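Chain residues, written in single-letter form:
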Amino acid sequence: MTLNITSDFDGGNIRIVSIGDDRADLAIVRDHLSDFYQWFSFRVTGAAGRAVTLRIVNCGESAYPGGWPDYRARMSEDGDIWRQTDTDYADGVLTIHARPAGDSFALAYFAPYDSDRHAALVDRIAARPGVTRTLVCHTLDGRPLESLTLGDGPKQVWLYARQHPGETMAEWWMEGALEKLTDPDDATAALLREKATFHIVPNMNPDGSARGHLRTNALGVNLNREWHAPSAERSPEVLHVLEAMKATGVDFAMDVHGDEAIPAAFMAGFEGIPSWTERQGGLYTRFRDSLAARTPDFQTKLGYMTAGPGRANLSMSTSQLAERFGAISMTLEMPFKDNIDAPDPEYGWSPARSKALAHDCLETLAEMIDLI
Ligand code: ZN
């Protein structure tokens with residue numbers, strides 16, 4: 001029986017190079033009007049009970065070749081539970097081994113978070129008491145970009161995710177954050193809703209998400225390089241979210257991402273902004289270190305190099321919001337690989353761990369909400 005492979009669905013991405021009975025050579029497709037590619041998501045049928053070998057042959061030129069060594073692809077037979085599957089990387093080729101029990105299975109770079117699940121999340125949370133749903137704008141492809149607002153307090157907290165659409169763990173994090181903040185039995189959530197008003201954008205890039213992009217919107221624009229000068233033509237997503245931020249002010253902001261290469265969750269701050277102060281920097285460091293003390297799924301040893309004085313990149317949201325609003329602003333990165341300090345051979349870094357880290361972030365914020 002011949003394999004059949006398709007990526008013709010929301011968030012799908014793969015191109016067939018050649019295909020046989022038990023093996024296929026595949027290639028990841030570039031983001032539209034961009035050179036970025038790394039996200040893949042596709043379904044395979046016709047392999048029930050057989051060992052199959054799927055080779056992605058263009059990984060050497062992908063956006064982050066350092067993301068492939070020690071990485072394991074995620075596989076699901078029911079579209080719900082995603083496990084790591086046997087994966088090797090050598091000479092620019094990612095080789096995925098699978099032996100599905102049933103006729104159909106899915107493979108992806110990380111557990112997908114598709115447009116249907118996004119719409120269901122927004123519907124479900126918006127229906128809860130005290131939550132306001134706002135249409136921020138329509139995207140270039142005509143999709144709604146929505147925010148959810150909750151809480152009555154004076155501190156203005158902005159949480160936003162998936163500027164880079166292939167980093168689906170960011171929206172799993174959002175699902176965890178929204179569930180906790182709207183849980184009527186959660187004392188931390190009650191405290192946060194009393195002290196702060198939360199403005200939450202679960203998906204900053206619905207077009208890139210639906211198109212199966214790694215990093216860009218419908219025009220191939222990296223939204224996290226637009227915050228110094230967003231435009232209606234190139235980056236309406238950033239333009240309209242930033243306008244909404246100007247209307248509320250921003251005291252605390254978290255931009256949620258995934259990192260391809262580093263096998264750990266970590267934070268990036270706003271070192272090097274022109275208006276940096278000891279107080280602002282110290283509160284960022286305190287949040288980061290408190291989170292690391294709270295959970296073994298977050299750490300401070302591995303991460304990015306920090307910018308020197310005056311060298312912050314103000315096109316990135318974290319630095320722009322810290323500079324413009326004086327916000328305690330940060331970029332949370334979660335791994336595509338496993339957490340090297342606490343590996344889980346079956347699931348690796350997962351939707352469940354992304355959601356749990358959101359809970360820990362909110363507990364940490366609650367400890368500090370009077371200081372920010
Ligand atoms: Zn990112």
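Just so you know, these numbers come straight off a predicted model, no measurement behind them.

Peer 1: I tried to follow the sheet that holds strand E2 (residues 15–19) on my own but got confused; where do I start?
Peer 2: Strand pairing in a sheet relies on backbone hydrogen bonds. The paired strands run either parallel or antiparallel. Spatial strand order, E2-E3-E5-E9-E8: five strands in an open sheet with mixed pairing. Since the sheet does not close on itself, it has two edges, and those belong to E2 and strand E8 (87–90), each with one partner. Averaged over neighbouring strand pairs, the angle between their axes works out to 20° when direction is ignored. Looking at chain direction, E2 and strand E3 (residues 23–27) are connected through four bridges and run antiparallel. For Ile16, the partnering residue across the bridge sits in E3 and is Leu26.

Peer 1: What's the story with the nonpolar core in this structure? I'm lost.
Peer 2: Counting 84 residues, the largest nonpolar core has Phe40, Leu54, Trp173, Phe198 and Met254 as its most contacted members. The biggest single contributor to this core is helix H2 (residues 169–181), with eight residues. Both domains that furnish three or more residues to this core are identified here as domain 1 (4–108) and domain 2 (115–371). When neighbours within four sequence positions are excluded, Phe198 is seen to be in contact with Leu148, Thr149, Leu150, Val157, Leu159, Leu181, Leu192, Leu362 and Leu365. Listed in part, the 17 residues of the second largest apolar core include Tyr160, Met204, Trp227 and Val250.

Peer 1: I tried to follow the coordination of the zinc ion on my own but got confused; where do I start?
Peer 2: Around a metal, the idealised angle for a tetrahedral arrangement of four donor atoms is 109.5 degrees; for an octahedral arrangement of six donor atoms it is 90 or 180 degrees. The coordination sphere of the zinc ion contains the protein donors His164 (ND1), Glu167 (OE), Glu167 (OE) and His257 (ND1), at a distance range of 2.1 to 2.4 Å. Viewed at the metal, the four donor atoms of the zinc ion are separated by angles of 57 to 147°, and the geometry they form is irregular. For the zinc ion, the donor residues sit on a single chain with the sequence spacing H-x2-E-x89-H. You can see Glu167 sitting in the loop between strand E13 (155–161) and H2 and its partner His257 sitting in strand E15 (residues 252–259), a full 90 residues away along the chain.

Peer 1: In this structure, what is going on with the domain arrangement of the chain? I would like to understand it.
Peer 2: Much of the literature gives interface size as the accessible area that the parts lose upon coming together. When the domains of the chain are assigned, the result is domain 1 (4–108) and domain 2 (115–371). Each of domain 1 and domain 2 was reduced to a C-alpha centroid, and the two centroids are 28 Å apart. With 25 residues of domain 1 at the interface, the matching set in domain 2 holds 24 residues. Here domain 1 packs against domain 2, burying approximately 2000 Å² in sum over the two surfaces, 51% of which is carbon and sulfur. The tally of links from domain 1 across to domain 2 stands at one salt bridge. Our count for the domain 1 to domain 2 interface comes out at 19 residue pairs in polar contact (both at pLDDT 80 or more). A breakdown of the residues in the side of domain 1 that touches domain 2 according to their chemical character gives 10 nonpolar, nine polar and six charged.

Peer 1: Would you take a moment to explain the pattern of salt bridges for this structure?
Peer 2: Where charged atoms from two side chains of opposite charge approach closely, those side chains can pair. What the rule picks out here adds up to 24 salt bridges. Arg124 is the salt-bridge partner of Glu179, the closest N and O atoms lying 3.3 Å from each other. Of this pair, Glu179 sits in helix H2 while Arg124 is found in helix H1 (residues 115–126), placing the two residues 55 residues apart along the sequence. Judged by relative accessible area, Glu179 falls into the partly exposed class, the value being 23%.

Peer 1: Would you mind going over the packing of aromatic side chains with me for this structure?
Peer 2: Evaluation of the coordinates by the stated rule reveals 13 aromatic pairs. Both rings, one in Phe40 and one in Phe42, keep their centres 6.2 Å apart while their planes meet at 40°; by these two values the pair is tilted. Here Phe42 falls in the buried class, since its relative accessible area comes to 0%. Between Phe40 and Tyr109 the ring centres are 5.8 Å apart and the planes differ by 35°, which places this aromatic pair in the tilted class. In this pair, Phe40 is assigned in the loop between E3 and strand E4 (41–45) and Tyr109 in the loop between strand E10 (104–108) and H1, connecting sequence segments 69 residues apart.

Peer 1: In this structure, what is going on with the environment of Ala292? I would like to understand it.
Peer 2: Counting through the fold element by element, Ala292 comes out in helix H6 (residues 278–294). Take Ala292: its relative accessible area is 25%, and that puts it in the partly exposed class.

Peer 1: Sorry, what's going on with the environment of Lys337 here?
Peer 2: When you line up the elements, Lys337 lands in the loop between strand E17 (328–335) and helix H8 (351–368). Classification of Lys337 as buried rests on a relative accessible area of 8%. Between the C-alpha atom of Lys337 and that of Asp22, which follows or precedes it by 315 residues, the distance is 27 Å. In this view, Lys337 contacts Gly66, Gly67, Pro69, Asp70, Tyr71, Arg74, Glu260, Ala261, Pro263 and Trp349; residues no more than four positions away in its chain are not counted. From its side chain, Lys337 meets the backbone oxygen of Gly66 in a polar contact 3.0 Å long. Within the local environment of Lys337, its side chain forms a polar contact with the backbone oxygen of Pro69, the two atoms lying 2.9 Å apart.

Parameters and conventions
- In this numbering scheme, every chain counts its residues from 1 along its sequence in written order.
- Totals for whole chains, interfaces and linings use all residues, but because this is a predicted model, local features are given only for residues with pLDDT of at least 70 and pairs of side-chain atoms are given and counted only at 80 or more.
- With hydrogens and water excluded, all non-hydrogen atoms of the structure serve as input to the side-chain values.
- DSSP-based pairing: two strands are paired if at least 2 bridges between them are found.
- Secondary structure elements follow DSSP: runs of H or I of four or more residues count as helices, runs of E of two or more count as strands, with numbering from the N terminus.
- Axes, fitted as lines to C-alpha atoms, cover a helix only where it is in contact. Angles between the N-to-C directions of the axes lie from 0 to 180 degrees.
- Residue types Ala, Val, Leu, Ile, Met, Phe, Trp, Tyr and Cys, when buried and joined through side-chain atoms within 4.5 Å, form a set referred to as a nonpolar core.
- Each residue gets one of three labels from its accessible area relative to the maximum for its type: buried under 20%, exposed over 50%, partly exposed in between, using a 1.4 Å probe on protein chains only.
- Reported domain spans reflect what an automatic or database domain assignment gives.
- We call two residues in contact whenever any of their non-hydrogen atoms come within 4.5 Å of each other.
- Only nitrogen, oxygen and sulfur atoms within 2.8 Å of the metal, or 3.2 Å for Na, K and Ca, are treated as donors, and water is left out, so sites may look incomplete.
- Irregular is the default label, applied whenever a site is not tetrahedral (four donors, all angles between 85 and 135 degrees) and neither square planar nor octahedral (four or six donors, opposite donors over 155 degrees apart, all other angles between 65 and 115).
- Buried area is calculated as the accessible area (1.4 Å probe) missing from two parts once they are joined, with the contributions of both summed.
- Here, a salt bridge means any Lys or Arg side-chain nitrogen found within 4 Å of an Asp or Glu carboxyl oxygen.
- Between N or O atoms, a polar contact is any pair within 3.5 Å; within protein, one atom must be a potential hydrogen donor and the other a potential acceptor, and residues adjacent in sequence are included only when both atoms are from side chains.
- Asp, Glu, Lys and Arg are counted as charged, while Ala, Val, Leu, Ile, Met, Phe, Trp, Tyr, Cys and Pro are counted as nonpolar; the rest, among them Gly, fall into the polar class.
- Under the pairing criterion, centres of Phe, Tyr and Trp rings, with the six-membered ring standing for Trp, must be within 6.5 Å; the plane angle then separates stacked pairs below 30 degrees from edge-to-face pairs above 60, leaving the rest tilted.

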